[in-house]
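Observations on the model geometry
If you want the building blocks of each chain, they are given just below.
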Amino acid sequence: QVQLVESGGGLVQAGGSLRLSCAASGSTFGSLVMGWFRQAPGKERELVAATRWSGDATYYANSVRERFTISSDNAKNTVSLQMNSLKPEDTAIYYCAAGRLLTSARNDYDYWGRGTQVTVSS
């Protein structure tokens, strides 16, 4: 089993920044891919960014490329999402997830955190 706990959400004005963190624990998380998904009201949950724990491969959704950065810290067992130049359309619940493949498919991720709210005001 893998346990994931998110932190760092909140309210920020457009153009501002937030940093989300995901603390991972369990027996096999080190071999998994870590991703950040988000879900806005009335919309599907979508992958924002993903990385292997080694950091040698990453994925970004087009909507956040060059604004968001995903990083992993193996010593602290955390994965972070630095979000800059935030827009109102980034408002959503952000979920940390652990999966088997570096893909954008929700079904490829087996473990999920409970989510953290990010609200960007205009």
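Details of the structure are given in the entry above.
This one's a predicted model, so the numbers in the text were calculated from it and none came from an experiment.

**What about the sheet that holds strand β7 (residues 68-73)?**
- In space, the 4 strands of this open sheet follow the order β1-β3-β8-β7, with antiparallel pairing throughout. Because the sheet does not close on itself, it has two edges, and the strands there are β1 (2-7) and β7. Recorded for the sheet is a direction-independent mean angle of 15° between the axes of neighbouring strands.

**Focus: the environment of Pro88**
- Checked against the element boundaries, Pro88 lands in the loop between β8 (78-83) and β9 (92-99).
- The class for Pro88 is partly exposed, based on a relative accessible area of 35%.
- Spatially, the C-alpha atoms of Pro88 and Val5 are 24 Å apart, while their sequence positions differ by 83 residues.
- In contact with Pro88, other than residues within four places in its own chain, are Ala14, Val120 and Ser122.

**A word on the environment of Gln3**
- With respect to the helices and strands, Gln3 occurs in strand β1.
- Considering only alpha carbons, one finds Gln3 and Val79, 76 residues apart in sequence, at a separation of 13 Å.
- Those residues in contact with Gln3 that lie beyond four places of it in its chain are Ala23, Ala24, Ser25 and Gly26.

**Digging into the packing of aromatic side chains**
- Taken as a whole and assessed by the stated rule, the structure comprises 3 aromatic pairs.
- Seen from their ring centres, Phe37 and Trp112 are 4.8 Å apart, and the 55° between their planes marks the pair as tilted. You can see Phe37 sitting in strand β4 (residues 33-39) and its partner Trp112 sitting in strand β10 (residues 109-112), a full 75 residues away along the chain.
- Using a relative accessible area of 28% as the deciding quantity, one classes Trp112 as partly exposed.
- Relative to Trp112, the ring of Tyr95 has its centre 6.5 Å away and its plane inclined at 80°; by these criteria the two rings are edge-to-face. Of this pair, Tyr95 sits in strand β9 while Trp112 is found in strand β10, placing the two residues 17 residues apart along the sequence.
- Through successive ring pairs, a cluster of aromatic residues spans Phe37, Tyr95, Tyr109 and Trp112.
- For Arg45, the ring lying beneath its charged end belongs to Tyr95, and the centroid distance is 3.7 Å.

Reading guide: rules and limits
- Residues numbered from 1 in each chain as written.
- Predicted model: local features only at pLDDT ≥ 70, side-chain atom pairs only at ≥ 80, totals over all residues.
- Heavy atoms only, no water.
- Pairing = 2+ DSSP bridges.
- Helix = DSSP H or I, 4+ residues; strand = E, 2+ residues; numbered from the N terminus.
- Axes fitted to C-alpha atoms, helices over the stretch in contact; angles between N-to-C directions.
- Buried < 20%, exposed > 50% of the residue type's maximum accessible area, 1.4 Å probe, protein only.
- Contact = heavy atoms within 4.5 Å.
- Phe/Tyr/Trp six-rings, centres within 6.5 Å; stacked < 30°, edge-to-face > 60°.
- Lys NZ or Arg CZ within 6 Å of the ring centre and 35° of its normal.

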